[in-house]
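Spelled out from the first residue to the last, the chains are:
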Amino acid sequence: GENVEQHPSTLSVQEGDSAVIKCTYSDSASNYFPWYKQELGKRPQLIIDIRSNVGEKKDQRIAVTLNKTAKHFSLHITETQPEDSAVYFCAASTNSGYALNFGKGTSLLVTP
Amino acid sequence: KAGVTQTPRYLIKTRGQQVTLSCSPISGHRSVSWYQQTPGQGLQFLFEYFSETQRNKGNFPGRFSGRQFSNSRSEMNVSTLELGDSALYLCASSLLAGSTGELFFGEGSRLTVL
């Protein structure tokens, strides 16, 4: 199947700093790129998504950028807070129109 | 409205047995997809059902199967269980196809194979 590579696998930042998580995908037909946050013991929840006709999208402290030519997209979290600590998954749509391919996740720890 | 419901939440099986997991999607959602979550491997796509038809299948052996009923409820079955099948199985529903919009996940069914 198509691959989604996600880096880094773990990330530790101090409260107030920024965090950046990067993903690359291989399927040129991918056109939908969501990000999910999974807190410990909880279900994954969508935090932001971007479609291929948009280069950047922001929602308060969270932003996602997409470079279709390079086939990579990134999640940016500014002014991090302890409650941002979680595992973040990127994903890319498949050419079938069904199913998402997820990255392996980034464990973000925000220390006070 | 009620979220995605998965049953059972926890189960323990032994090698060679089979297991059936159930997922009730959010009312009105037509798509149900299944993912296997293991430490370090993220979320691996199993299959997606839309209007009772399997639309896509991930890279898993034929021991993994599923179905969707006319009320959109879905079940997945794993036969001849292996130790490596121990994982959290997450079901997600969406209004349309899973690649087009938000997935709403259930809390998962945690399977332990001994």
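Scroll up to find the structure this text is about.
Note that the structure is predicted; figures quoted are calculated from it, not measured.

Calculation criteria
- Residues numbered from 1 in each chain as written.
- Chains lettered and ligands numbered in written order.
- Predicted model: local features only at pLDDT ≥ 70, side-chain atom pairs only at ≥ 80, totals over all residues.
- Heavy atoms only, no water.
- Disulfide = S-S within 2.5 Å.
- Helix = DSSP H or I, 4+ residues; strand = E, 2+ residues; numbered from the N terminus.
- Contact = heavy atoms within 4.5 Å.
- Buried area = accessible area lost by both parts, 1.4 Å probe.
- Salt bridge = Lys/Arg side-chain N within 4 Å of Asp/Glu carboxyl O.
- Buried < 20%, exposed > 50% of the residue type's maximum accessible area, 1.4 Å probe, protein only.
- Pairing = 2+ DSSP bridges.
- Axes fitted to C-alpha atoms, helices over the stretch in contact; angles between N-to-C directions.
- Polar contact = N/O pair within 3.5 Å; in protein donor to acceptor, adjacent residues only side chain to side chain.

## Comments concerning the state of the cysteines
Thought 1: Taken as a whole, this structure holds two disulfides over all chains when the rule is applied.
Thought 2: Between Cys 23 of chain A and Cys 90 of chain A runs a disulfide, and the two sulfur atoms are separated by 1.9 Å. Here Cys 23 of chain A and Cys 90 of chain A share a disulfide; its torsion about the S-S bond, -100 degrees, makes the bridge left-handed. A residue pair is termed long-range when its members are at least 10 positions apart, and Cys 23 of chain A in strand E3 (residues 19-25) and Cys 90 of chain A in strand E9 (residues 86-93) qualify at 67 residues.
Thought 3: Here Cys 23 of chain B engages in a disulfide with Cys 91 of chain B; their sulfurs sit 1.7 Å apart. Of note, the bridge from Cys 23 of chain B to Cys 91 of chain B carries an S-S torsion of about -45 degrees and is left-handed in sense. With a gap of 68 residues between them, Cys 23 of chain B in strand E3 (residues 19-24) and Cys 91 of chain B in strand E9 (residues 87-94) connect regions that are remote in the sequence.

## Description of the interface of chain B and chain A
Thought 1: Listed per partner, the contact involves 23 residues of chain B and 18 residues of chain A.
Thought 2: Both sides of the chain B and chain A interface together cover about 1,800 Å² of buried area, and 54% of this is carbon and sulfur.
Thought 3: When residues of chain B are sorted by the area they lose upon contact with chain A, Leu 43, Ser 99 and Phe 105 of chain B head the list and together hold 31% of the total.
Thought 4: Summed over the shared surface of chain B and chain A, the result is one salt bridge.

## Some details on the pattern of salt bridges
All names here are of chain B.
Thought 1: Applying the stated rule across the entire model yields nine salt bridges over all chains.
Thought 2: Between Asp 85 and Arg 63 there is a salt bridge, and its shortest N-O distance comes to 2.8 Å. In this pair, Asp 85 is assigned in the loop between strand E8 (74-78) and E9 and Arg 63 in the loop between strand E6 (53-57) and strand E7 (64-68), connecting sequence segments 22 residues apart.
Thought 3: Judged by relative accessible area, Asp 85 falls into the buried class, the value being 3%.
Thought 4: Note on Arg 63: relative accessible area 15%, which makes it buried.

## Re the sheet that holds E7 of chain B
Residues and elements named next belong to chain B.
Thought 1: Pairing within the open sheet is antiparallel, and its four strands lie in the order E1-E3-E8-E7. With one partner strand each, in any of the chains shown, strand E1 (5-7) and E7 form the two edges of the open sheet. On average, each strand axis in the sheet is tilted by 15 degrees relative to the strand beside it, whichever way the strands run.
Thought 2: Of the pairings in the sheet, the one linking E1 to E3 comprises three bridges and is antiparallel in character. Of the residues in E3, the one forming a bridge with Gln 6 is Cys 23.

## Focus on the side chain of Asn 77 of chain B
Residues and elements named next belong to chain B.
Thought 1: Considering the arrangement of structural elements, one finds Asn 77 in strand E8.
Thought 2: Side-chain polar atoms of Asn 77 contact the side chain of Thr 20, separated by 2.9 Å.
Thought 3: In this view, Asn 77 contacts Gln 18, Val 19, Thr 20, Arg 63, Phe 64 and Ser 65; residues no more than four positions away in its chain are not counted.

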